Amino acid sequence: MAGTKALLTLENFINGEFVPCNSYLDSYDPSTGDVYCRVPNSGKEEIEAAVEAARAAFPGWSARSPQERSQVLHRLADLLEQSLEELAQAESRDQGKTITLARTMDIPRSVQNFRFFASSILHHTSECTQMDHVGCLHYTVRAPVGIAGLISPWNLPLYLLTWKVAPAIAAGNTVIAKPSELTSVTAWMMCKLLERAGVPPGVVNIVFGTGPRVGEALVSHPEVPLISFTGSQPTAERITQLSAPHCKKLSLELGGKNPAIIFEDANLEECIPTTVKSSFANQGEICLCTSRIFVQKSIYSEFLEKFVEATRMWKVGIPSDPSASMGALISKAHLEKVRSYITKARTEGARILCGEGVDTLSLPPRNQAGYFMLPTVITDIKDDSCCMKEEIFGPVTCVVPFDSEEEVIQRANSVKYGLAATVWSSNVGRIHRVAKKLQSGLVWTNCWLIRELNLPFGGMKSSGVGREGAKDSYEFFTEIKTITIKH
Ligand SMILES: NC(=O)C1=CN([C@@H]2O[C@H](COP(=O)(O)OP(=O)(O)OC[C@H]3O[C@@H](n4cnc5c(N)ncnc54)[C@H](O)[C@@H]3O)[C@@H](O)[C@H]2O)C=CC1
Ligand SMILES: N/C(=C\C=C\C(=O)O)C(=O)O
């Protein structure tokens, strides 16, 4: 444990109050490798206290009208927006992402998550059918499920936490959230705003700590009937096992091995910068990032040359540098894992065209121990290489050629994941055909990461179970009942 004097020390937020913990974890600044924060190392005891608070708050909160809950969400969105700069600085320091990304994407999207669900909760309708021949009318009603367990990852900390908290409380649930132990700061900062927004004590409880300890205590708790999780596939498997004895409702948003398919009639002027971004945004630490680029043979050489040139312009810098496109990776262990894939690719005879081991990264002396690496492009790699099959979750992308539409669809679908694909072509018929055949929950054509929050978000195959979005999140966070009236 590092010296604790100047360290930022977080506390759990239970029943509307900050509560100290008797044990703490070190949290690192990814840009320097220094410990700068202490995160509560909570366990069963803290989960018990949070469950008690959430249970007590449920009758009052769930009885409020959607309009009343909506107003609270709007107030919270406004307060987050007023703190945008402070939150962006904190997110960038805690996660290693650039300040520019935190300012323009993470925090604005967190604000938008509350505004979006504050609005969408007002517009749901229920179903009604009639059976005149037996004198019956049938209709459905929905009710909040109860205490929602929300587990979020380290790559988009506040963005993904609020994407769960907002729909859960909008629908009338009370929540216990567990952010990643690697990036807990902005969740803790949000807790400071809850009372002013009018969130009653116990409606939002945030308990910090590790997955195996506090995460499992939350998942296993019999009074938490639903778990919404975003993270890795092995953790999802564990959560599924622990939930099974209780038949919990599960929403699992997992990883990807996302293909970009680039046909010879693609507009490369748009495709290249967007594919650099889709490969390396947030250090490649977004489940939607591209990591396999299939390019039609006739334009392969041209694409590769221009893509590598554009990748070399994707500036790696310290997170606080507003001109940087990429900051530091989340942790030393993760950096080593990502690098190990490049070593494996090299051993298999693949070529590294730029980045790790090819180009030189220059950093200020203070940041030499930070978790930085250059965006890396691999080619001459086989489809069955681990770099083409496994989620690397870092700034590494593979580029390979293809001949025909049928072939590329089959190769794009040949991994266990099915989250997000991009297709680049100016032939609209082909775009529809290919998009339809891809085993992918999301297909972006001639663009990437343009989000329509109303529509279903999520993956197929090992990329997850369930969808999130206006209607999908509402359905997940409520139980439906069918009522029959004989008249
Ligand atoms: N959204 C995504 O697709 C993400 C994918 N990943 C992938 O996962 C790999 C490992 O990253 P991790 O941080 O270890 O991801 P993870 O899946 O272990 O962590 C995500 C969240 O789950 C919690 N958690 C971990 N074990 C748990 C358990 N047994 N019960 C309940 N909660 C648990 C963590 O504390 C964190 O809050 C990454 O290299 C990346 O490939 C990681 C984060 C996000
Ligand atoms: N779930 C993830 C990203 C979601 C993005 C969005 O909702 O826009 C992830 O990277 O884990």
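Residues numbered from 1 in each chain as written. Chains lettered and ligands numbered in written order. Predicted model: local features only at pLDDT ≥ 70, side-chain atom pairs only at ≥ 80, totals over all residues. Heavy atoms only, no water.

Named according to an unreviewed UniProt entry, the protein is 2-aminomuconic semialdehyde dehydrogenase originating from Ursus maritimus. Heading Subcellular location (unreviewed entry) of the UniProt record for the protein holds this comment: "Cytoplasm". Under Function (unreviewed entry), UniProt gives the following word-for-word description of the protein: "Catalyzes the NAD-dependent oxidation of 2-aminomuconic semialdehyde of the kynurenine metabolic pathway in L-tryptophan degradation." (UniProt positions renumbered as here; feature names shortened; annotations may be inferred.)

**Q** With reference to specific residues and values, describe the site of ligand 1.
**A** Residues in close proximity to ligand 1 total 25 residues, the closest being Ser152, Trp154, Glu181, Ser232 and Lys337. Between an oxygen atom of ligand 1 and a side-chain N or O atom of histidine 334, the distance comes to 3.5 Å. Relative to its unbound accessible surface of 800 Å², ligand 1 loses 87% to contact with the protein. Secondary-structure elements contributing two or more residues to the shell around ligand 1 are helix H7 (211–220), strand S11 (226–230), helix H8 (233–243) and helix H11 (332–347). When the residues that make up the shell around ligand 1 are grouped by side-chain class, the tally is 8 nonpolar, 11 polar and 6 charged. Counting contributing residues, the shell around ligand 1 receives three or more from each of domain 1 (8–254 + 463–486) and domain 2 (258–445). (Near = heavy atom within 4 Å. Polar contact = N/O pair within 3.5 Å; in protein donor to acceptor, adjacent residues only side chain to side chain. Areas by Shrake-Rupley, 256 points an atom, 1.4 Å probe, with all protein chains shown as cover. Helix = DSSP H or I, 4+ residues; strand = E, 2+ residues; numbered from the N terminus. Nonpolar A, V, L, I, M, F, W, Y, C, P; charged D, E, K, R; others polar. Domains from an automatic or database assignment.)

**Q** A description of the pattern of salt bridges should follow, citing residues and the corresponding values.
**A** Pairing is possible between side chains of opposite charge, provided their charged atoms come close. This structure, assessed with the given rule, holds 22 salt bridges. A salt bridge links lysine 332 to glutamate 336; the shortest N-O distance between them is 3.4 Å. Placement of the pair is lysine 332 and glutamate 336 together in helix H11, with a separation of 4 residues, close to one helical turn. Among the salt bridges present, the one from arginine 411 reaches glutamate 407, with a minimum N-O distance of 2.6 Å. In this pair, arginine 411 and glutamate 407 both sit in helix H13 (residues 405–412), 4 residues apart, roughly one turn of the helix. Note on arginine 411: relative accessible area 14%, which makes it buried. (Salt bridge = Lys/Arg side-chain N within 4 Å of Asp/Glu carboxyl O. Buried < 20%, exposed > 50% of the residue type's maximum accessible area, 1.4 Å probe, protein only.)

**Q** Any chance you could break down the site of ligand 2 for me, citing the residues and the numbers?
**A** As a structural note, the neighbourhood of ligand 2 is formed by Arg109, Asn155, Leu156, Tyr159, Leu160, Thr230, Ile286, Cys287, Leu288, Arg451 and Phe457. A distance of 2.8 Å separates an oxygen atom of ligand 2 from a polar atom in the side chain of arginine 109. Side-chain polar atom of asparagine 155 to an oxygen atom of ligand 2: 2.8 Å apart, as the coordinates give it. Contact with the protein chains hides 97% of the accessible area of ligand 2, taken as 320 Å² for the molecule alone. Split by domain, the shell around ligand 2 shows at least three residues from each of two domains, domain 1 (8–254 + 463–486) and domain 2 (258–445).

**Q** Quick rundown of the UniProt feature "active site" (unreviewed entry) in the protein? Include the residues and the values.
**A** UniProt's entry tags Glu253 with the feature "active site" (unreviewed entry), counted in the numbering of this structure. Here glutamate 253 lies in strand S12 (residues 249–253). Beyond its immediate stretch of four places on either side in the chain, glutamate 253 contacts Phe229, Thr230, Gly231, Phe457, Gly458, Gly459, Ser463, Gly466, Arg467 and Glu468. (Contact = heavy atoms within 4.5 Å.)

**Q** Give a description of the packing of aromatic side chains that names residues and reports values.
**A** Here the structure, examined in full by the defined rule, presents 8 aromatic pairs. Arranged with centres 6.4 Å apart and planes meeting at 70°, the rings of phenylalanine 18 and tryptophan 188 form a pair that is edge-to-face. A residue pair is termed long-range when its members are at least 10 positions apart, and phenylalanine 18 in strand S3 (residues 17–19) and tryptophan 188 in helix H6 (residues 185–197) qualify at 170 residues. With relative accessibility at 12%, the residue tryptophan 188 sits in the buried group. The interplanar angle of 75° and the centroid separation of 5.0 Å between the aromatic rings of phenylalanine 476 and phenylalanine 477 together place this pair among those described as edge-to-face. You'll find phenylalanine 476 and phenylalanine 477 in the same group, each marked buried. Of the aromatic side chains, those joined through ring pairs into one cluster are Phe13, Phe18 and Trp188. Taking NZ or CZ as reference, arginine 38 lies 4.3 Å from the ring centre of tyrosine 24, over its face. The cationic tip of lysine 344 hangs over the ring face of tyrosine 341; the distance from NZ or CZ to the ring centre is 4.6 Å. (Phe/Tyr/Trp six-rings, centres within 6.5 Å; stacked < 30°, edge-to-face > 60°. Lys NZ or Arg CZ within 6 Å of the ring centre and 35° of its normal.)

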